[in-house]
Amino acid sequence: MADVSHESMMEYYHIANKMLNSEDEGYTFYNKYGLEKGFSVRRSYVEWDGSNCHIILRKFVCSREGFREEKHMKRKMEDRKRRPRSITRVGCKAKLVIARQEETTQWFVKDFIDEHNHPLAPRDLSCLLRSHRRISDEQKADIADMEKSGIRKYHIMDIMCMQYGGYDEVGCIMRDIYNFCHANKQETISSGDAQTVINHMVARQEQDSDFFFRYLVDEAGHLKGLFWCDSQSRLDYEAFGDVIVFDSTYRTNKYNLPFVPFVGLNHHCSTIIFACGVISHETSQAYEWMLRTFSDAMGQKHPISVITDGDLAMQRAIRVVWPDSNHRLCIWHIQQNIVRHLHDDAVKEEFRSFIYDTSSIEEHERKWLHFLQQNKVTSEDSWLHQMYKMRKLWCAPYLDGCCFLGLSSNQRSES
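Predicted model, so just to flag it, every value in this text is computed and none were measured. Position numbers for residues start from 1 in each chain and track the written sequence from start to end. Reporting of local features is limited, given that this is a predicted model, to residues whose pLDDT is at least 70; pairs of side-chain atoms are given and counted only at 80 or more, and all residues count toward the totals for whole chains, interfaces and linings. Calculation of side-chain values draws on the structure's entire complement of heavy atoms; hydrogens and water are dropped beforehand.

**Q** Sorry, what's going on with the overall build of the chain here?
**A** Helix numbering and strand numbering both begin at the N terminus, where a helix is a DSSP run of H or I of at least 4 residues and a strand a DSSP run of E of at least 2. For the chain, the count of helices and strands is 17 helices and 12 strands. A total of 415 residues make up the chain; the buried ones form 41% of that total. Across the chain, the fraction of contacts at a sequence separation of at least 24, relative to all contacts at a separation of at least 6, is 57%. Total accessible area computed for the chain in this model is approximately 24000 Å², and 51% of it derives from carbon and sulfur atoms. Each residue's exposure class comes from its accessible area (1.4 Å probe, protein chains only) as a fraction of the maximum for that residue type: buried when under 20%, exposed when over 50%, partly exposed otherwise. Between two residues, a contact is recorded if the distance between any of their heavy atoms is within 4.5 Å. Surface accessibility in these figures is a Shrake-Rupley result with a 1.4 Å probe; residues are shielded only by whichever protein chains are displayed.

**Q** Just to check I follow, could you spell out the pairing of strand 3 (residues 55-62) for this structure?
**A** Working note: regular strand, side chains alternate between the two faces of the sheet. Extensive coverage of strand 3 is indicated by the burial of six of its eight residues. At least two DSSP bridges between two strands are needed for those strands to be called paired. When strand 2 (residues 41-48) meets strand 3, the two strands line up antiparallel, connected through six bridges. Each bridged residue has a counterpart across the sheet, and for Glu47 the counterpart in strand 3 is Leu57. In this antiparallel pair of consecutive strands, strand 2 and strand 3, the connection spans six residues, and Asn52 shows a positive phi of 60°. With five bridges joining them, strand 3 and strand 4 (residues 95-100) adopt antiparallel strand pairing. When the bridges of strand 4 are listed, Arg58 appears paired with Ile98.

**Q** Just to check I follow, could you spell out the sheet that holds strand 2 for this structure?
**A** Two modes of strand pairing occur in sheets, parallel and antiparallel, and in both the strands are linked by backbone hydrogen bonds. Overall, antiparallel pairing links the five strands, which are arranged 1-5-4-3-2 in an open sheet. The sheet terminates laterally at strand 1 (19-20) and strand 2, the two strands that pair on one side only. A fitted line through C-alpha atoms represents every axis, and for helices the fit uses only the stretch in contact; the resulting angles, taken between N-to-C directions, go from 0 to 180 degrees. Together, strand 1, strand 2, strand 3, strand 4 and strand 5 (107-113) form the strand contacts of helix 2 (residues 23-37), whose direction differs from that of strand 3 by roughly 15°.

**Q** I would appreciate a short explanation of the packing of helix 13 (residues 331-341) against helix 14 (residues 345-355) in the present structure.
**A** A pair of packed helices can be characterised by two numbers: the angle between their axes and the separation between those axes. Interhelical geometry of helix 13 versus helix 14 gives an angle of 160° and a closest axis separation of 11 Å. With respect to helix 14, the axis of helix 13 lies roughly antiparallel. Seen along the crossing, helix 13 lies across helix 14 with a hand that is right-handed. Here Ile331, Ile334, Gln335, Ile338 and Val339 of helix 13 come into contact with helix 14, specifically with Lys348, Phe351, Arg352 and Ile355. Split by residue class, the contact of helix 13 with helix 14 holds six nonpolar, one polar and two charged. Any angle that falls under 35 degrees is termed roughly parallel, while one over 145 is termed roughly antiparallel, one within 65 to 115 roughly perpendicular, and all others oblique. In this scheme the crossing of two helices becomes right-handed for a clockwise turn of the near helix relative to the far one and left-handed for an anticlockwise turn of less than a right angle. Here the nonpolar group is Ala, Val, Leu, Ile, Met, Phe, Trp, Tyr, Cys and Pro; Asp, Glu, Lys and Arg are the charged ones; every other residue, Gly included, is treated as polar.

**Q** Looking at this structure, how should I read helix 6 (residues 153-164)?
**A** Residue pairs spaced three or four apart in an α-helix point in one direction, given the helix's 3.6 residues per turn. The end-to-end C-alpha distance of helix 6 is 16 Å, a good match for the 16 Å that 12 residues give at a rise of 1.5 Å each. Among all positions of helix 6, only Lys153, Ile156, Met157, Met160 and Cys161 are buried. Summarising the axial view, the buried residues of helix 6 lie within an arc of 135°, below the 170-degree limit, and thus occupy one face. A positive phi of about 95° marks Gly165, the residue just after helix 6. The span expected for a helix works out to 1.5 Å for each residue beyond the first. In this context, the arc is that of the directions from the helix axis out to the C-beta atoms.

**Q** In this structure, what is going on with the packing of aromatic side chains? I would like to understand it.
**A** Both the distance between ring centres and the angle between the ring planes are used here to describe each pair of aromatic rings. Aromatic rings from Phe, Tyr and Trp, with only the six-membered ring used for Trp, were paired whenever their centres fell within 6.5 Å, and each pair was classed as stacked if the ring planes differed by under 30 degrees, edge-to-face if by over 60, and tilted otherwise. Scanning all chains against the criterion turns up 20 aromatic pairs. Aromatic pair Phe211 and Phe213: ring centres 6.3 Å apart, planes at 40°, arrangement tilted. Of the two residues, Phe211 and Phe213, neither departs from the other in class, the shared state being buried. Ring geometry for Trp228 and Phe259: centres 6.4 Å apart, planes at 35°, overall tilted. Of this pair, Trp228 sits in strand 7 (residues 223-229) while Phe259 sits in strand 9 (residues 259-265), placing them 31 residues apart in sequence. The exposure class of Phe259 is partly exposed, given its relative accessible area of 26%. One aromatic cluster is present, formed by Phe212, Phe227, Tyr237, Phe246, Phe262, Phe274, Tyr287, Phe294 and Trp322 through successive ring pairs. Here, a charge over a ring is recorded when the distance from Lys NZ or Arg CZ to the ring centre is within 6 Å and its angle to the ring normal is within 35 degrees. Note that Arg43 overlies the ring of Tyr27, its terminal NZ or CZ placed 4.2 Å from the centroid.

Treat this as a map of the structure, not an account of what it does.
And the structure:
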């Protein structure tokens, strides 16, 4: 015990007397220290000199310093564009404060606290914490090439893990690959490509007078949104547009732009496409534009029911543009999330029973509380709690060619 204490004191003395050449060197030093100890680092408080030209003091903290702001805690689910993230800030006091000497321009350690109020990550996992993750230039080139070849991002991650010898050797996580691909996509899309697509749509409209399309571009000429449907699609919607599937999970295009098909069923229970769209960002504003454009194309006929994957931005857009349409979740997406979020087979089956339960509201609530207590689910941020808050959207079968919901009342009676 004495040896451990002596080692800690020597380490503290070494850091407290550290001299640095720049603020960036201070960050690099503390971040490397955090990698060894098992915590992530972020920049915090900063002070400037009187001319606002030079930084004279910088505080680096553990990423779990502070607490989430009260305004974010009180926001309602329906006002959010995304599901709330898990709470990570727990008021950790660990920090490194460095200050600049005016005479020598060197930096010295002004304050150092190395006490954490949370578990630290083991060394083989600390490289996956946020401040320690990096995608090298070589990796960026490989990722871009694989994406151009049509390889899905989760497959890209698997390939990189095999190439480098494990997740801890890759240096990044799946989210980083998604973020890089999105940023790379924004740089890749040019105004010329957008104009090529628009010219093609104009040519289609010349061939088919009922062909409908609209588009949005930003100030730089980059394509932000595109919507189109032909005459046959508009006729199909007039006859079979009571129920539609509105989905944006398809990204198999060159730029990884979310592709949004509007899908339904005809009287032969065959899948039909009412319209298609492409958007640059999955925001409620983008979806509102898409739905309003769809309504314009279809003579302001709104669907009776809409089936989606439960995306919050989609939910908000549907409430604004189609307030009288019934919004339901696709059972296929629920089943996929059950597999992803629940790892106990018994819990999976018990949760599935709630989806198809036909008991009274009071009985349903009682069963749910018992289910939570039995499985010790207490966090309001857990997937189970979030899904139960959305229970009024449960649940609609996916349009797989035999969905009864795809037929209107007249068509059902005829068939």
